[in-house]
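# Examination of the molecular architecture
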Amino acid sequence: SDLTPGFYTVTEPGETGWGLTGLVCVDPTTNSIVDVGAGEASITLDGNETVTCTYTNTEDNPALVLTKTGVLDDTVVPPSGISNVGDTITYSFSVENTGNVALTNIDVTDPLLPTLVCTIANLAVGATDSCTPTNNVYTLVAGDITAAERVNTATAASDEGASDDDTETVPLPAPALVLTKTGVL
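### Details of the sheet that holds strand 3 (residues 33-35)
Read from one edge of the open sheet, three strands run 1-4-3, paired in antiparallel fashion. Each end of this open sheet is capped by a strand with a single partner; those strands are strand 1 (6-11) and strand 3. Neighbouring strand axes in the sheet, compared pairwise and without regard to direction, differ in orientation by 15° on average. Inspection of the sheet shows strand 3 paired to strand 4 (residues 40-45) by three bridges, in the antiparallel sense. Opposite Val34, over in strand 4, you have Ala41 as the bridge partner.

Rendered as structure tokens:
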């Protein structure tokens, strides 16, 4: 229908799971102003003028990549330089937002560290951040020494449904024994 010349503001209501990624208005008199962040077009409509605005939406794709790193401290129980029952592995965690929406309340969990506290409150698209974890130190047991490595997996998950697992294998150096036999007649 025909509109009365004047000033109009056009908005598009947001849909859950979709984000506005573009807004363009074709205005022969160039009297329109678009604000993609607000999802708004301000139009000054002249008599017999047609202005066409196109909103472009992209489906939200929350995604993240967890990186888990373990550092062995083989100096806790002597002798140092080899792994001993009681030596420790300190784990650190970083998360990269690889999706197209900001992530919130990213929580890292780890079955090897049941009391781990590692949360990142907010993570912008394309950003990487590390948490400042507590209860992130594992103490080696005899089975670890026998296996000569500690394999462990952690999981990160956000409120938006993004999640990822990362497995870290920490090699555990074993003592080396060299036996030299000489015979004497």
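### Observations regarding the environment of Tyr55
For Tyr55, the location among the structural elements is in strand 5 (residues 52-59). For the pair Tyr55 and Pro171, spaced 116 residues apart in sequence, the C-alpha separation works out to 54 Å. Among all residues touching Tyr55, those that are not within four sequence positions of it are Val10, Thr11, Glu12, Leu20, Gly22, Leu23, Gly39, Glu40 and Ala41. Of note is the side chain of Tyr55, whose polar atom sits 2.9 Å from the backbone oxygen of Val10.

### A look at the nonpolar core
In terms of nonpolar packing, the biggest core is built from 24 residues, with Tyr91, Phe93, Val95, Ile106 and Val108 touching the most fellow members. Going through the elements one at a time, strand 6 (64-73), strand 7 (88-97), strand 8 (103-109), strand 9 (119-123) and strand 12 (149-157) are the ones with two or more residues in this core. A per-element tally of this core places strand 7 first, with four residues. Non-local contacts of Val108, meaning those with residues more than four positions away in its chain, are made with Leu66, Phe93, Val95, Leu116, Cys118, Ala154, Thr155 and Ala156. Listed in part, the seven residues of the second largest apolar core include Leu23, Cys25, Ile43 and Leu45.

### Looking at the side chain of Arg150
By secondary structure assignment, the location of Arg150 is in strand 12. Of the polar contacts made by the side chain of Arg150, one reaches the side chain of Asp144; its length is 3.2 Å. In this structure Arg150 touches Ile89, Tyr91, Leu112, Tyr138, Asp144, Glu168, Thr169, Val170 and Leu172, once residues within four positions along its chain are discounted.

### Some details on the state of the cysteines
Applying the stated rule across the entire model yields two disulfides. The residue that forms a disulfide with Cys25 is Cys53, at a sulfur-sulfur distance of 2.0 Å. Sign of the S-S torsion, about 110° for the bond between Cys25 and Cys53, identifies this disulfide as right-handed. In this pair, Cys25 sits in strand 2 (residues 18-26) while Cys53 sits in strand 5, placing the two residues 28 residues apart along the sequence. Covalently, Cys118 is tied to Cys131 through a disulfide, its sulfur atoms 1.7 Å apart.

### Remarks on the sheet that holds strand 9
Strand order across the open sheet formed by four strands is 9-8-12-13, with antiparallel pairing between neighbours. Two strands close off the open sheet at either side, each with one partner strand: strand 9 and strand 13 (163-171). Across the sheet, the mean angle separating the axes of adjacent strands is 20° when strand polarity is ignored.

Rules behind the numbers
Residues numbered from 1 in each chain as written. Predicted model: local features only at pLDDT ≥ 70, side-chain atom pairs only at ≥ 80, totals over all residues. Heavy atoms only, no water. Pairing = 2+ DSSP bridges. Helix = DSSP H or I, 4+ residues; strand = E, 2+ residues; numbered from the N terminus. Axes fitted to C-alpha atoms, helices over the stretch in contact; angles between N-to-C directions. Contact = heavy atoms within 4.5 Å. Polar contact = N/O pair within 3.5 Å; in protein donor to acceptor, adjacent residues only side chain to side chain. Core = buried A, V, L, I, M, F, W, Y, C linked by side-chain atoms within 4.5 Å. Buried < 20%, exposed > 50% of the residue type's maximum accessible area, 1.4 Å probe, protein only. Disulfide = S-S within 2.5 Å.

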